[in-house]
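# Summary of the model geometry
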2 protein chains.
Amino acid sequence: MPEAPRRQSRIQKKNRETILTAALQEFAAQGYAGTTIDRIAETAGLSKPNVLYYFPSKEAIHRELLEALLDMWLAPLREIRADGDPLDQILAYARRKLEMSRDYPRESRLFANEVLQGAPRLSPILGGALRELVEDKAALIETWAEQGRIARLDARHLLFSIWALTQHYADFEVQVRAVLGQGHDPYAEAEPFLDQLYRRLLAP
Amino acid sequence: MPEAPRRQSRIQKKNRETILTAALQEFAAQGYAGTTIDRIAETAGLSKPNVLYYFPSKEAIHRELLEALLDMWLAPLREIRADGDPLDQILAYARRKLEMSRDYPRESRLFANEVLQGAPRLSPILGGALRELVEDKAALIETWAEQGRIARLDARHLLFSIWALTQHYADFEVQVRAVLGQGHDPYAEAEPFLDQLYRRLLAP
DNA sequence: CGTGATCCTGACCAACTGGTCAATATTTTG
DNA sequence: CAAAATATTGACCAGTTGGTCAGGATCACG
């Protein structure tokens, strides 16, 4: 059953939001273990007991962030449909994922941190809903391949490649920027590169 | 000046090695903050004070691991030479990086953890030695491109793509396995996929 | 075999962490 | 505006953490 849409006072709404934003910042930058409730509170401009007035525990904050994240994270993949041009749709998916890395790098890093540590709070979803979604879209992509509308390839690994290539720019941002040096816009450069890559890979 | 090759007793050599192995295991799985000296000691089969007899601090262990890692990590890139077939060399590089993800996933995750948290103990190297190395190899690759021996592309982002695509299989291993389910060998499947991808991307 | 160097440990410590709670301040609402 | 509901806090606690240290065990070597 979906959680009852609990009545929230004005203050409750605002403070829960503030805390979640601060926590996202901290968890993404320091990881779960490296983040203290005190730092979350400080970033949020609240006292530690006050943070714990709105959330029962540090883990509860983390869990809530992850849940909210997942919906958002998978939305672009859901939008791949059987109708429309195969190449356009896959290119659009890659482009949208790259935009998400650019616009929501903290979310990307939160996710990366979690998966990197073995996804202790997420693995049921990875093996459940995510797996089914991938299965579904991979089947569609392979149908396209069989019809000769795109190249024959391993659709699951195609999806992995899109994840890897786009999230890399958020998750390894320091490295990318250190290597490129100043005066580069990683995302602006990545877009045409990925476009070129997938056009060539997918050409029938 | 390079560190003097300090004399090490038999026991010292063995125990330092044991500790580093245990620490790699822990740091890769739990991150820096999530790892305790006690756990390292337990995994190594030693007492905590004994671990601190061989290393002055937790951070020193971590730093030593990172330093050792970096040489190993960049070796394959160094092997790209001006002589030899361009396509072969880039494909071989990608293949070797994939093998490293398969054979040294803990090293990959240690590195990912570090970069993800902003590379606090590594950024000078990223912007220094790594940057120079990339600059060097990127120039070479772009020469090949200008000569029409491979497709024209952004060489730096080509290298990023190789890092992203290969390290993904180690860093996001739980996700890859959860999505593929049992009965799949991610690395065995990834190899031909990456081969196909780079052959098509690089074809003049 | 003995003695100096190396190795190892239990006991300890100060700082920090997640979390509690009773008391107080502020809002909301009848 | 008064009382009830909500929000906030300082003080506190028990457990954990990185790290120290004095003393004892073990080893290498003349």
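Residues numbered from 1 in each chain as written. Chains lettered and ligands numbered in written order. Predicted model: local features only at pLDDT ≥ 70, side-chain atom pairs only at ≥ 80, totals over all residues. Heavy atoms only, no water.

Residues and elements named next belong to chain A. Inspection of the secondary structure assignment puts Leu133 in helix H7 (residues 123-146). For Leu133, a relative accessible area of 11% corresponds to the buried category. Sequence-wise, Leu133 and Leu77 are 56 residues apart; in three dimensions their C-alpha atoms are separated by 8.2 Å. Among all residues touching Leu133, those that are not within four sequence positions of it are Leu74, Leu77 and Arg78. (Helix = DSSP H or I, 4+ residues; strand = E, 2+ residues; numbered from the N terminus. Buried < 20%, exposed > 50% of the residue type's maximum accessible area, 1.4 Å probe, protein only. Contact = heavy atoms within 4.5 Å.)

Before going further, it helps to spend a moment on the protein's contact with DNA strand D. Every one of the 18 residues lining DNA strand D counts as a neighbour, but Ser9, Asn15 and Tyr54 of chain A together with Arg10 and Lys58 of chain B are closest to it. Considering DNA strand D, the proportion of its atoms within 4 Å of the protein that are sugar or phosphate atoms stands at 60%. Within the contact set of DNA strand D, a phosphate oxygen lies 3.0 Å away from a backbone nitrogen or oxygen of Ile37 of chain B. Breaking the surface near DNA strand D down by element, the ones donating at least two residues are helix H1 (10-30) and helix H3 (48-54) of chain A together with helix H3 (48-54) of chain B. By residue number, the principal contributor to the surface near DNA strand D is H3 of chain A, which donates four residues. The residue makeup of the surface near DNA strand D, split by class, is seven nonpolar, eight polar and three charged. (Near = heavy atom within 4 Å. Polar contact = N/O pair within 3.5 Å; in protein donor to acceptor, adjacent residues only side chain to side chain. Nonpolar A, V, L, I, M, F, W, Y, C, P; charged D, E, K, R; others polar.)

A few words now on the interface of chain B and chain A. Facing the 56 residues of chain B at the interface are 56 residues of chain A. When chain B packs against chain A, close to 4600 Å² is buried across both sides, 67% of that on carbon and sulfur atoms. Counting across the chain B and chain A interface gives zero salt bridges. Taken together, the links from chain B to chain A amount to 15 residue pairs in polar contact (both at pLDDT 80 or more). Those elements that place two or more of their residues in the side of chain B that touches chain A are helix H1 (10-34), helix H6 (105-116), helix H7 (123-146), helix H8 (155-171), helix H9 (173-180) and helix H10 (186-202) of chain B. For the side of chain B that touches chain A, the element with the most residues is H8 of chain B, which contributes twelve residues. The residue makeup of the side of chain B that touches chain A, split by class, is 33 nonpolar, 14 polar and nine charged. (Buried area = accessible area lost by both parts, 1.4 Å probe. Salt bridge = Lys/Arg side-chain N within 4 Å of Asp/Glu carboxyl O.)

On average, residues of chain A carry a pLDDT of 95, and 97% of them reach 70 or more. Across residues 1-6 of chain A the pLDDT falls below 50, and counting only partners more than four positions away or on other chains, this stretch makes zero contacts in the model. (pLDDT = per-residue confidence, 0-100.)

Residue and element names in this part refer to chain A. Along its sequence, chain A is organised into domain 1 (1-56) and domain 2 (63-202). Counting residues at the interface gives eleven residues for domain 1 and eight residues for domain 2. The contact between domain 1 and domain 2 buries some 870 Å² in all, and 65% of this surface belongs to carbon and sulfur atoms. It is Leu20, Leu24 and Ala28 that lose the most area in domain 1 upon contact with domain 2, and together they represent 54% of the buried surface on that side. Scanning the region where domain 1 abuts domain 2 turns up one salt bridge. Across the pair Glu64 and Arg16 runs a salt bridge whose closest N-O atoms are separated by 2.4 Å. At the boundary of domain 1 with domain 2, the tally comes to three residue pairs in polar contact (both at pLDDT 80 or more). Taken together, the residues of the side of domain 1 that touches domain 2 sort by class into seven nonpolar, three polar and one charged. (Domains from an automatic or database assignment.)

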